[in-house]
Amino acid sequence: MAREFSSVGVVGLGTMGAGIVEVFARNGIDVVAVEISDAALERGRATLTGSTDRAVAKSKLAEADRDALLARVDWQVGLDALHSVDLVIEAVPEHLDLKQRIFAELDRVCKPEAILATNTSSLSVTEISVATTRPNQVIGIHFFNPAPVMKLVEVVRTVVTSADVVADVEALCERLGKVDVTINDRAGFIANALLFGYLNHAVGMFESHYASREDIDAAMKLGCGLPMGPLALMDLIGLDTAYEILDTMYRRGGRDRRHAPVPLIKQMVTAGLLGRKSGRGFYTYERPGSPVVVPDEQTPVATGSALADGARAIAKVGVVGSGTMATGIIEVFAKAGYEVVSVTRGAEKSAKVCEAVKTSLNKGVVRGKLSEADRDAALGRVTWSAALDHLADVDLVVEAVVEELSVKKALFASLDEICKPGVVLATTTSSLPVIDVAMATQRPADVVGLHFFNPAPIMPLVEIVQTIRTSAETTATARAVCAALGKTGVVCGDRSGFIVNALLFPYLNDAVKMLEASYSTADDIDYAMKLGCGYPMGPFELLDVVGLDVSLAIQRELYLELREPGFAPAPLLEHLVTAGYLGRKSGRGFRDHTNR
Ligand SMILES: NC(=O)c1ccc[n+]([C@@H]2O[C@H](COP(=O)([O-])OP(=O)(O)OC[C@H]3O[C@@H](n4cnc5c(N)ncnc54)[C@H](O)[C@@H]3O)[C@@H](O)[C@H]2O)c1
């Protein structure tokens, strides 16, 4: 028989605590909500009232249920009020000494059978537990932000946590409608161990002016389908909390440099820019605690004119190549009203590409997304050719040939001879340095990367890669073209992985390392990222879709260029590729796909 929890205590009613109070009270459990001062208590109460009022306004909660929910909460200053609860969850700031002090006090105040839980994200639950005389009744219950919304709970058992306590807490999570994964006490558990290196890396990109905050966030939302970009997520977590988590993970997790907090984070914390809770972090919010972003001095100014910033007018576009990307890109430009010259290496290939574009456009017609007239008009705009000479009068060339530097360089040298002056020459490379391609021409200022995502007609993102020789006009032209295509163009520097792959693949690689270390299972790791962080797919699902060979190649490039020890490909990934387990395409990767 699982233990009955009829009343619980929550200590600390900040970003997490107030949400945790709501989770319990919503599920019919009485809560004693404790803060350090009347002012902090009021803030916590206001957070809960605001959240439940919003739920009522959205008809997600009946007024009577809201009133009953609020009536279950007993607001108190000081820990003494917790003498008769069955379970306490502590959610005070991420400092070991503070948590240890509170646990020693809870041990004194609470009844002997009460379970004492911490919501810590990165500190050692074991170290917290030894501040009490009942370490076998101490456990980690790690909720995700926002607690009422995110389904996941990481249940963290230490070497001394009793099996009964673990089972009781697992049953409680189920009663709360949460999905739990039970794991051992390791810095960052599953989700944060995989998340925070990525967040810190994104802050580093912003700090070094590699890309703007809007572009970094848009890249990860649109390129990976994440619910929010990394900088917006830092603001939600709170920069002070994020700093402490990174710092602890750095110290506890093997001094991985990727967890050493980027200096900007500390500076922002010192300046009081804590994120949403203080009204300003990477973004500026309507008021403290509000999720509504308001414009500030960093907000890009909408110019109102597509040709602002010296962007050149583009009417005719050449697309070189005959693969999946070239095919998709031809379709995208033709549908957007551009005249397109498709150049392949022979009539046969041209016929194949033409057929593929037709098939794709026809699908659009069948699905009611495109009229027959628009399909015919789009096809009518494309000229099919096998001679580069036909690119003599285009305004923009998009190269999408095989991913080999020598081939691309030879092509760009030819384009340099054939194309008229002022043409923008773009490469769709996803891994080669754009500057190498640019220097094969006499006009590197006109060369830029246009990294489309697959399938190009569907994916809304394009990374615009500017080299150290790319002119401002060329970048402005690329931006204007992306906007005209209905895509979001994000501008970044010419470094391996650009924005999306540089942030995504190390995280995937870390997940493989976590599996390899037998810390958790592929299923639990996938759950953790989907249910704790709102990712559309877990890392192993995604790796199997992308292909393990492709993922390994990208990870190797990142490692070779940046020499970051933490980027070294996971041996397990290498072994699976060697064994021919490449993911869905070979029937087996991290999972067996033959019977699915
Ligand atoms: N922010 C997140 O996204 C997130 C997610 C999961 C877990 N966590 C973890 O939850 C815990 C709390 O983080 P947060 O972001 O909610 O912090 P926060 O700074 O938003 O809130 C902490 C609250 O604790 C109160 N407090 C401080 N000392 C206290 C005391 N002695 N007694 C009672 N209350 C006290 C503060 O007044 C404040 O309201 C941390 O361990 C953190 O790692 C945070």
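Before reading on, note that the structure itself is shown above.
Described below are features of the structure shown in this document.

What counts and how
Residues numbered from 1 in each chain as written. Predicted model: local features only at pLDDT ≥ 70, side-chain atom pairs only at ≥ 80, totals over all residues. Heavy atoms only, no water. Helix = DSSP H or I, 4+ residues; strand = E, 2+ residues; numbered from the N terminus. Rg over C-alpha atoms; globule rule 2.2 N^0.38 Å. Buried < 20%, exposed > 50% of the residue type's maximum accessible area, 1.4 Å probe, protein only. Contact = heavy atoms within 4.5 Å. Areas by Shrake-Rupley, 256 points an atom, 1.4 Å probe, with all protein chains shown as cover. Lys, Arg positive; Asp, Glu negative; His and termini not counted. Charge placed at Lys NZ, Arg CZ, Asp CG, Glu CD. Phe/Tyr/Trp six-rings, centres within 6.5 Å; stacked < 30°, edge-to-face > 60°. Lys NZ or Arg CZ within 6 Å of the ring centre and 35° of its normal. Near = heavy atom within 4 Å. Polar contact = N/O pair within 3.5 Å; in protein donor to acceptor, adjacent residues only side chain to side chain. Pairing = 2+ DSSP bridges. Axes fitted to C-alpha atoms, helices over the stretch in contact; angles between N-to-C directions. 1 Å grid on protein atoms, 1.4 Å probe; cavity = no way out; pocket = protein on both sides within 12 Å on 5 of 7 lines; lining within 4 Å. Points joined across faces, edges and corners; volume = space filled by probe spheres on them. Nonpolar A, V, L, I, M, F, W, Y, C, P; charged D, E, K, R; others polar. Expected span 1.5 Å × (residues − 1). Parallel < 35°, antiparallel > 145°, perpendicular 65-115°, else oblique.

Regarding its fold elements, the protein presents 22 helices and 18 strands. What you see for the protein is a C-alpha radius of gyration of 27 Å, in line with the 25 Å of a compact globule of 596 residues. Counting across all 596 residues of the protein, residues that qualify as buried make up 54%. Expressed as a percentage of contacts within the protein between residues at least 6 apart in sequence, the contacts between residues at least 24 apart total 69%. Accessible area for the protein stands at about 24,800 Å²; split by element, carbon and sulfur atoms hold 53% of it. Distance between charge centres in the protein, computed from 60 positive and 73 negative side chains, equals 3 Å.

Tallied over the entire structure, the rule returns six aromatic pairs. Aromatic side chains Phe-333 and Phe-452 sit 6.4 Å apart centroid to centroid with 65° between the ring planes, which places their arrangement in the edge-to-face category. On the criterion of sequence distance, the pair formed by Phe-333 in helix 12 (residues 324–335) and Phe-452 in strand 16 (residues 447–452) is long-range, its members being 119 residues apart. Accessibility assignment for this pair places Phe-333 and Phe-452 in one class, buried. Sitting over the face of the ring of Tyr-581, Arg-588 holds its NZ or CZ atom 4.2 Å from the ring centroid.

With that settled, consider the site of the ligand. Every one of the 25 residues lining the ligand counts as a neighbour, but Met-16, Glu-35, Glu-94, Lys-99 and Ser-121 are closest to it. A distance of 2.5 Å separates an oxygen atom of the ligand from a polar atom in the side chain of Glu-35. In the model, an oxygen atom of the ligand is placed 3.4 Å from a nitrogen or oxygen of the Val-92 main chain. When the free accessible area of the ligand is taken as 840 Å², the share hidden by the protein chains comes to 88%. Sorting the residues of the shell around the ligand by element identifies helix 4 (96–109), strand 6 (138–143) and helix 10 (239–252) as the ones contributing at least two each.

What follows deals with the sheet that holds strand 4 (residues 87–90). Ordered by their spatial adjacency, eight strands build an open sheet running 3-2-1-4-5-6-7-8, and the pairing between neighbours is mixed. Strands with a single pairing partner mark the edges of an open sheet, and in this sheet they are strand 3 (73–77) and strand 8 (179–184). With direction set aside, neighbouring strand axes in the sheet form an average angle of 25°.

The calculated volume of the second largest pocket comes to roughly 1,100 Å³. Asn-454, Asn-501, Val-546, Val-550 and Ile-554 are the residues nearest the centre of the second largest pocket, which is lined by 38 residues in total. Of all elements in the fold, only helix 8 (213–224), helix 12, strand 16, helix 18 (500–516), helix 20 (539–546) and helix 21 (548–562) reach the threshold of two or more residues within the lining of the second largest pocket. In terms of residue count, helix 21 provides more of the lining of the second largest pocket than any other element does, six residues in total. Along the lines of polarity and charge, the residues of the lining of the second largest pocket split into 24 nonpolar, ten polar and four charged.

Look at helix 12: 17 Å from first C-alpha to last across twelve residues, which is about the 16 Å you get at 1.5 Å a residue. Among the twelve residues that make up helix 12, nine are buried, leaving the element largely enclosed by the rest of the structure. Ala-326, Thr-327, Gly-328, Ile-329, Ile-330, Glu-331, Val-332, Phe-333 and Ala-334 are the residues of helix 12 that are buried. Just downstream of helix 12, Gly-337 is the residue with a positive phi angle, here 100°.

Glancing now at empty space enclosed by the protein. All told, the structure shown has three cavities of 30 Å³ or more when counted by the stated rule. Here the largest cavity is characterised by a volume of approximately 60 Å³. In this structure, the largest cavity is lined by Leu-194, Gly-197, Tyr-198, His-201, Arg-258, Leu-503, Pro-506, Tyr-507, Asp-510 and Phe-567. Listed by contribution, the elements that provide at least two residues to the lining of the largest cavity are helix 7 (191–207) and helix 18. Looking at the lining of the largest cavity residue by residue, the classes come out as six nonpolar, two polar and two charged.

Here we take up the environment of Val-343. Position of Val-343 among the secondary structure elements: in strand 12 (residues 339–343). You can call Val-343 buried: its relative accessible area is 3%. In sequence terms Val-343 and Ala-25 are 318 residues apart; their C-alpha atoms lie 64 Å from each other. With sequence-adjacent residues up to four places away left out, Val-343 is seen in contact with Val-319, Val-320, Gly-321, Ser-385, Ala-386, Ala-387, Leu-388 and Leu-391.

Judged by pairing direction, the sheet is mixed, and its eight strands sit side by side in the order 13-12-11-14-15-16-17-18 without closing on themselves. Edge positions in the open sheet fall to strand 13 (382–385) and strand 18 (488–492), since each of these has one partner strand only. The average undirected angle you get between the axes of adjacent strands in this sheet is 25°. Across five bridges, strand 17 (residues 461–465) lies against strand 18 in parallel orientation. Bridged to Glu-463 within strand 18 is Val-490.

Relative to each other, helix 9 (residues 230–237) and helix 10 sit at 100°, their axes nearing to 6 Å. Judged by the angle between their axes, helix 9 and helix 10 are roughly perpendicular. Here helix 9 contributes Met-234, Asp-235 and Ile-237 to the contact with helix 10, which in turn contributes Leu-239, Thr-241 and Ala-242. For the contact of helix 9 with helix 10, a count of residues per class yields four nonpolar, one polar and one charged.

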